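A structural walkthrough
Residues per chain, in single letters:
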Amino acid sequence: MIISNEQSEYLIQLKKKVLQNDVALEQLTINQEFPMHLRFELISEEDDDFSFLWEITQSAKNAIRISLHFQEDESKIGLFRVDYNSGHRNPETASDKLPQRFLPFVGKWFSNEESHVHYHVEGYKPLAWAVPIEDSEMTTKEIADTNTNEKLSSAIQEFAKIINLETVLTINTLLL
């Protein structure tokens, strides 16, 4: 299955809910643990041809290394991902399908200290392209040792909003 840039945006914009035991949830409470590793199946009542997977992963070795990942579940094609404190290299060449916003970042290396946001781009392997988090819609720009739990909670809420999650999330932050 090939997904165009327009189809990717359509899938992200669909309203979604967390599916648990075949029930679309109106509310969900997430209890923060360390390390976090959560997987949620999502569905859209607007277009039931698609199902989705949302993963939240935190490194056991580096508490501020966190990934929020969203994909179309059947095809396993990644649509959107936010990586905090993790390295990545963008492709070295730009195709004619590459959106303008990525051109300044052709071949860019993101160091482990450089948080970034991945997007689906047609014609490339899933989530091959990223932009610095400063150039994205995410308002939680960093997660650091001094604010990990609160910032992670904010990042999860923002990510849920971007992928159009209608299930209301309550996040119980980890108490130290």
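One structure accompanies this document, and this report is about it. (Residues numbered from 1 in each chain as written. Predicted model: local features only at pLDDT ≥ 70, side-chain atom pairs only at ≥ 80, totals over all residues. Heavy atoms only, no water.)

Of the regular secondary structure elements, the protein chain holds two helices and twelve strands. Reading the secondary structure of the protein chain in the N-to-C direction produces α-β-β-β-β-β-β-β-β-β-β-β-α-β. Its C-alpha radius of gyration of 16 Å places the protein chain within 12% of the 16 Å reference for a compact globule of 176 residues. C-alpha atoms of the protein chain, sized along the principal axes, occupy 45 × 40 × 25 Å. The burial tally for the protein chain puts 51% of its 176 residues in the buried class. Nonlocal contacts in the protein chain, meaning residues at least 24 apart in sequence, comprise 56% of its contacts between residues at least 6 apart. Of the roughly 9200 Å² that the protein chain leaves accessible, carbon and sulfur atoms contribute 47%. Placing the 16 positive and 29 negative side-chain charges of the protein chain at their respective mean positions leaves the two points 5 Å apart. (Helix = DSSP H or I, 4+ residues; strand = E, 2+ residues; numbered from the N terminus. Rg over C-alpha atoms; globule rule 2.2 N^0.38 Å. Buried < 20%, exposed > 50% of the residue type's maximum accessible area, 1.4 Å probe, protein only. Contact = heavy atoms within 4.5 Å. Areas by Shrake-Rupley, 256 points an atom, 1.4 Å probe, with all protein chains shown as cover. Lys, Arg positive; Asp, Glu negative; His and termini not counted. Charge placed at Lys NZ, Arg CZ, Asp CG, Glu CD.)

Glancing now at helix α1 (residues 5-13). Those residues of α1 that fall on the buried side of the exposure criterion are Asn-5, Ser-8, Leu-11 and Ile-12. Looking straight down α1, one finds that the buried residues subtend no more than 120° of arc, so they occupy a single side. On its buried face, α1 is in contact with β5 (51-58), β6 (66-72), β7 (77-84) and α2 (148-162). (Arc of directions from axis to C-beta.)

Tracing the backbone shows Ile-2 in the segment before α1. For the pair formed by Ile-2 and Glu-122, sequence separation is 120 residues and the distance between their alpha carbons is 7.6 Å.

Put simply, side chains in a regular strand alternate between the two faces of the sheet. When strand β1 (residues 17-20) meets strand β4 (residues 37-43), the two strands line up antiparallel, connected through three bridges. Counterpart to Lys-17 in the pairing with β4 is Ile-43. (Pairing = 2+ DSSP bridges.)

Let us look at α2. Taking 1.5 Å per residue as the helical rise, α2 with its 15 residues ought to reach 21 Å, and the 21 Å between its terminal C-alpha atoms agrees with that figure. Those residues of α2 that fall on the buried side of the exposure criterion are Thr-148, Asn-149, Leu-152, Ser-153, Ala-155, Ile-156, Glu-158, Phe-159, Ala-160 and Ile-162. Tucked into the core, α2 has its buried residues touching α1, β3 (27-31), β5, β6, β7 and β12 (168-172). (Expected span 1.5 Å × (residues − 1).)

Just geometry here; none of it tells us what the structure is for.
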